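Coordinate analysis (summary)
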Amino acid sequence: GTLVLAGHFGSWDLVGPLIVRRTGFPTTVVVKVPRSASVAALMEQVRTGFGMGLLPNRRGVMPQVYEALEAGHLVVFVLDQKLARGIPVPFFGRPALTAPSLAAAAVRSGAPIHFLEYWREGTGCHGARFSSPVPVTGRLEDDTAAFTALIEDAIRRRPHNWLWMHDRWKGAPEPVPALVP
């Protein structure tokens, strides 16, 4: 099994399933289920129609993550989600609450992590690239901050490619200003 770090770049709900179809790799994605039942049903139909497995992001999901890894799946975590709880890590110079679940899964499973960057290349065309293995220290805060920095770097390379409609920083503690003598 392999862990995959991703963000909301390009057209994730098209690119992710197409990568699964093209590569044939069994893939399970940890997903945030939309509140709207009709939107959730449509997204689930598209994702599973291309062969993706879905794990709703809720308490108690991690045993299923480890089972998918043991079964040889790519397990995708999309870490640029706005959370009500999480650990504050820097994102564009401000703390953003971020799930430490990918870092925890890496430590517990020993599975490698690869960053998946994808982007639009015109109408109906997309590019995608998996990174070499991302180093992991075993320190949840440091690893989660490093993963978030990879997402931030990808956004800086192609800012037009990132679509996010939530306040990513809402609820995070404000940074403490440095004391000046």
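So, a few notes on the structure that sits alongside this text. (Residues numbered from 1 in each chain as written. Predicted model: local features only at pLDDT ≥ 70, side-chain atom pairs only at ≥ 80, totals over all residues. Heavy atoms only, no water.)

In this approach a probe as big as a water molecule rolls over the atoms, and the regions it shows empty are the leftover space. As enumerated under the stated definition, the model contains 3 cavities of 30 Å³ or more in all. Estimated volume of the largest cavity: approximately 100 Å³. In terms of lining residues, the largest cavity is bounded by Val30, Val31, Lys32, Asn57, Phe77, Val78, Leu79, Gln81, Leu83, Ala99 and Ser101. Sorting the residues of the lining of the largest cavity by element identifies strand E2 (27-31) and strand E4 (74-78) as the ones contributing at least two each. (1 Å grid on protein atoms, 1.4 Å probe; cavity = no way out; pocket = protein on both sides within 12 Å on 5 of 7 lines; lining within 4 Å. Points joined across faces, edges and corners; volume = space filled by probe spheres on them. Helix = DSSP H or I, 4+ residues; strand = E, 2+ residues; numbered from the N terminus.)

Along the chain, the position of Gln45 falls in helix H2 (residues 37-49). For Gln45, a relative accessible area of 58% gives the class exposed. With 70 residues separating them in the primary sequence, Gln45 and Phe115 have C-alpha atoms 25 Å apart. (Buried < 20%, exposed > 50% of the residue type's maximum accessible area, 1.4 Å probe, protein only.)

Time to look at the sheet that holds E2. Within a sheet, each strand pairs with its neighbour through backbone hydrogen bonds, oriented either parallel or antiparallel. The strand order E3-E2-E4-E1-E7-E8 describes an open sheet built from 6 strands, whose pairing is mixed. Every other strand in the sheet has two partners, leaving strand E3 (53-56) and strand E8 (126-130) as the edge strands with one partner each. Ignoring which end each strand starts from, the neighbouring axes of this sheet average 25° apart. When strand E7 (residues 113-120) meets E8, the two strands line up antiparallel, connected through 5 bridges. Residue pairing in the sheet places Glu117 in a bridge with Arg129 of E8. (Pairing = 2+ DSSP bridges. Axes fitted to C-alpha atoms, helices over the stretch in contact; angles between N-to-C directions.)

Taken as a whole, the largest pocket spans an internal volume of roughly 1,200 Å³. In terms of lining residues, the largest pocket is bounded by 37 residues, among which Lys32, Val33, Asn57, Gln81 and Lys82 are the most central. Among the elements that line the lining of the largest pocket, the one with the most residues is E2, at 3 residues. Looking at the lining of the largest pocket residue by residue, the classes come out as 19 nonpolar, 9 polar and 9 charged. Volume-wise, the second largest pocket comes out at about 320 Å³. In terms of lining, the second largest pocket is formed by 14 residues, of which the most central are Val15, Leu18, Ile19, Arg22 and His126. Where the lining of the second largest pocket is concerned, the elements lending two or more residues are helix H1 (12-23) and E8. (Nonpolar A, V, L, I, M, F, W, Y, C, P; charged D, E, K, R; others polar.)

The values are spatial; any link to function lies outside them.
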